[in-house]
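What follows is each chain in one-letter form.
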Amino acid sequence: MDYSLVVAIELVREVAGLILIATGLAVIFGMMRVINIAHGEFMMLGGYTVVLTTKMGVNIWVAILILAPLAVGIFGVIVERCIIRHLYGRIIDSLLATWGLSLFLIGFVTVVFGNTVEGVSNPFGGFAVGQYKVAGYTFFLIFAAVAFIASVYLTLKYTKAGLIARATMQNSDMVEALGVNSKHVYMATFGIGAAFAGLAGGLLAPISGVVPGMGALLIGKAFITVVTGGAAVVAGTLSASTILGSISQAVTFATNPVYGDAALLFVALILLRLLPQGITGRIFTRSI
Amino acid sequence: MLSNISKDWLGVGFVTAIGLAVLIFVPMLFDLFEVLQMTKYVVLSLFALSLAYIWGFGGILSFGQAGFFGLGGYTFAVSAINMGQTTIPFLMAIAMCALFAAALGYFMFYGRLNDVYLGVVTLVVTLILWKLINHTAGPEFIIGKARLGGFNGVPSIPIMTLPWQPDMEMEPSQMFQYFMAILIIVYLLLHFLIKSKFGRVAISIRENEIRTSLLGYDVRLYKLWIFTIGGAIGGAAGAMWATYQTFIDPNAFSLEVSAKCLIWVMAGGVGTLFGPIVGVIALEYLSLKLGETSFLNNLIILGTILMFLVLLLPKGLFPTFRDLVIKLWQRARGGTSGERPS
């Protein structure tokens with residue numbers, strides 16, 4: 001009984017982890033059809049922001065919840081102004097340019113901070129489930145994932161900015177004709193997507209540590225989740241994270257994490273063979 | 001029309017002649033170290049050709065060409081260590097990569113994935129291969145006599161022998177000539193393929209997929225073939241890399257290798273076969289020189305070049321240079337039309 005409870009918690013944690021790393025990417029992809037390959041490095045920057053600011057004596061919650069998304073969000077806006085904005089409509093070129101950015105950032109951070117793992121102390125203790133022990137931070141991550149999804153959903157559904165964003169997604173020419181500068185919408189979207197990435201990086205820093213190459217370990221899952229989910233930000237991320245996360249975690253329990261990752265990819269390939277536009281390309285097509 | 005065709009073949013003949021001259025004279029004129037260095041360029045050029053073909057002439061942008069490079073290298077390593085000879089392992093590496101490309105291509109092309117989706121799937125497949133092979137450090141991962149070794153790599157891979165002399169390991173200069181011959185043959189074969197009916201259909205798919213399929217061609221099958229051919233060439237390059245270094249480790253699968261391959265092709269010019277070879281030589285030489293400085297890291301250079309190419313030089317070095325020469329030539333002749341016949 002205790003064991004199955006622990007397994008269930010771990011399954012939910014894996015799903016939550018996928019939601020955390022994929023949301024920022026999904027926001028950008030759903031809106032602009034741009035896959036930001038430097039997404040993993042944005043998370044890495046978020047992690048480093050937390051490491052640096054806590055070393056300087058900033059409270060860890062301020063560092064994770066405010067400074068990491070703020071810093072990476074601003075960085076995202078700069079990137080959009082300097083690179084991405086020249087490449088709208090050239091999907092492949094934007095992929096290549098963000099890949100260049102990703103390599104550059106890994107190299108740059110390696111030169112500045114060195115190729116070593118930087119740690120942040122975990123702000124929560126653990127507590128017991130029967131004879132097992134579960135980290136309190138796990139529950140915080142699950143809560144954060146719920147907050148991610150809820151905030152995106154509520155913003156898109158109930159605010160004026162969300163309305164404009166959804167309209168731009170459907171028909172950017174019409175939105176322009178109605179007097180909205182869609183360039184500003186794209187800039188803001190990219191910044192928000194980057195901020196989500198920074199927040200995710202900050203949130204994951206206490207459990208996984210921070211290394212310059214950490215992006216490469218995370219992005220694979222994030223990309224495949226977003227692509228499997230399809231264009232709808234909330235429904236896509238949620239459904240793909242749930243399916244892929246639970247299958248990969250189940251395989252991980254049965255064997256080891258590497259086969260878990262392989263299983264995640266294999267299931268995603270089969271899903272894409274059946275639903276080439278992603279899950280929300282065929283099912284839940286009218287959702288956000 | 002006729003003159004265009006003959007101009008094309010003139011270019012090919014020119015490149016082949018240069019290649020043959022390099023093949024014959026380089027081992028005579030340069031010392032051992034430089035021949036070894038150039039052997040590396042030859043292997044990487046073949047690798048670049050694999051992507052140059054599928055991207056430039058089939059419109060398939062694979063972000064995971066390193067997957068075939070690594071897979072070919074490991075297949076060669078494992079089978080050569082087990083069999084004690086190298087000709088059949090070389091063919092096995094090519095076949096293995098062709099099969100893997102066909103299997104992956106089935107999922108991608110018959111699922112009608114394109115641009116973003118294709119890029120992401122190829123990228124992630126390579127990432128997973130990299131993780132899987134990194135994980136094989138334990139003693140239980142052994143195939144016949146060969147231990148996979150995980151992140152430690154596979155050491156002491158046999159040096160390739162000539163197919164007709166299976167008992168004699170190649171000298172460095174022989175290896176250079178053998179690899180150069182393979183590169184020239186693959187270059188010519190690809191050129192024939194591009195000029196054949198198959199190649200023309202492939203180019204029309206690149207230009208307009210829907211129209212081609214409405215004309216009655218099975219786009220999925222054509223793409224599958226193109227991708228498989230690209231995979232096979234990538235695998236051959238991987239096997240040659242393994243025997244050249246007599247060592248292979250999981251970094252052959254890394255994103256850095258995939259990115260390098262893309263950068264060579266982009267720098268040389270998408271849609272040419274000769275350009276990417278120029279790209280390999282220019283950029284490898286550049287990173288060798290820049291790598292000697294201590295403050296610049298290889299990834300910073302690669303990333304900067306990639307962003308620079310995408311933003312400022314989307315056509316690539318070789319086509320930009322070629323167009324410039326043609327323009328100057330036409331101006332010198334007082335020609336009126338600035339348009340280049342294509």
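Residues numbered from 1 in each chain as written. Chains lettered and ligands numbered in written order. Predicted model: local features only at pLDDT ≥ 70, side-chain atom pairs only at ≥ 80, totals over all residues. Heavy atoms only, no water.

A. Structural context of the environment of Arg273(A). Mapped onto the secondary structure, Arg273(A) falls in helix α11 (residues 257-274). Under the relative-accessibility criterion, Arg273(A) is labelled partly exposed at 23%. With sequence-adjacent residues up to four places away left out, Arg273(A) is seen in contact with Tyr106(B), Phe107(B), Tyr110(B) and Gly111(B). (Helix = DSSP H or I, 4+ residues; strand = E, 2+ residues; numbered from the N terminus. Buried < 20%, exposed > 50% of the residue type's maximum accessible area, 1.4 Å probe, protein only. Contact = heavy atoms within 4.5 Å.)

B. Region of interest: helix α9 (residues 214-229) of chain A. All names here are of chain A. In this model, α9 (16 residues) spans 23 Å end to end at C-alpha, consistent with the 22 Å of a helix rising 1.5 Å per residue. Most of α9 is tucked away, with 14 of its 16 residues classed as buried. Where α9 ends, the next residue or the one after it, glycine 230, has phi of about 90 degrees, a positive value. (Expected span 1.5 Å × (residues − 1).)

C. Region of interest: the interface of chain A and chain B. Counting residues at the interface gives 44 residues for chain A, matched by 41 residues for chain B. Here chain A and chain B share one salt bridge between them. Here chain A and chain B share four residue pairs in polar contact (both at pLDDT 80 or more) between them. Of all the secondary-structure elements, those providing two or more residues to the side of chain A that touches chain B are α4 (91-113), α9 and α11 of chain A. Considering every element that reaches the side of chain A that touches chain B, the biggest residue donor is α4(A), with 16 residues. (Salt bridge = Lys/Arg side-chain N within 4 Å of Asp/Glu carboxyl O. Polar contact = N/O pair within 3.5 Å; in protein donor to acceptor, adjacent residues only side chain to side chain.)

D. Structural context of the state of the cysteines. As enumerated under the stated definition, the model contains zero disulfides over all chains in all. We note that Cys97(B) lacks a disulfide partner, and the nearest cysteine sulfur, in Cys261(B), lies 13 Å from it. (Disulfide = S-S within 2.5 Å.)

E. Here's a closer look at the nonpolar core. One finds Ile35(A), Phe42(A), Trp99(A) and Leu203(A) to be the most contacted residues of the largest nonpolar core, which totals 206 residues. Among the elements that line this core, the one with the most residues is helix α2 (residues 32-56) of chain B, at 15 residues. Leu203(A) has contacts with Leu20(A), Ile64(A), Tyr137(A), Phe140(A), Leu141(A), Ala144(A) and Phe148(A), leaving out every residue within four places of it along the chain. (Core = buried A, V, L, I, M, F, W, Y, C linked by side-chain atoms within 4.5 Å.)

F. Molecular detail of unusual backbone geometry. With a phi angle near 40 degrees, Ser156(B) is a residue other than glycine that sits in the positive phi range. We classify Ser156(B) as exposed; its relative accessible area is 61%.

G. Local environment of the environment of Leu265(A). Looking at the secondary structure, you find Leu265(A) in helix α11. Take Leu265(A): its relative accessible area is 7%, and that puts it in the buried class. Once the C-alpha coordinates of Leu265(A) and Leu244(A) are considered, the two residues, 21 residues apart in sequence, prove to be 8.3 Å apart. Contacts of Leu265(A), omitting those with residues within four sequence positions, involve Ile224(A), Val124(B), Val125(B) and Ile128(B).

H. Highlighting the side chain of Thr86(B). Residue and element names in this part refer to chain B. Checked against the element boundaries, threonine 86 lands in the loop between α3 (65-83) and α4 (87-110). Among the polar contacts made by the side chain of threonine 86, one reaches the side chain of threonine 161 at a distance of 3.0 Å. Setting aside its immediate chain neighbours within four residues, threonine 86 contacts Phe76, Pro158, Ile159, Met160 and Thr161.

I. Spatial organisation of the packing of α4(A) against helix α5 (residues 115-134) of chain B. The geometry of α4(A) relative to α5(B) is characterised by a closest axis approach of 9 Å and an angle of 35 degrees between their N-to-C directions. Along this stretch, α4(A) crosses α5(B), giving a crossing that reads as right-handed. Contacts from Ile91(A), Ile92(A), Leu95(A) and Trp99(A) in α4(A) reach Asp115(B), Val116(B) and Leu123(B) in α5(B). Looking at the contact of α4(A) with α5(B) residue by residue, the class counts come to six nonpolar, no polar and one charged. (Axes fitted to C-alpha atoms, helices over the stretch in contact; angles between N-to-C directions. Left-handed = near helix turned anticlockwise from the far one by under 90°. Nonpolar A, V, L, I, M, F, W, Y, C, P; charged D, E, K, R; others polar.)

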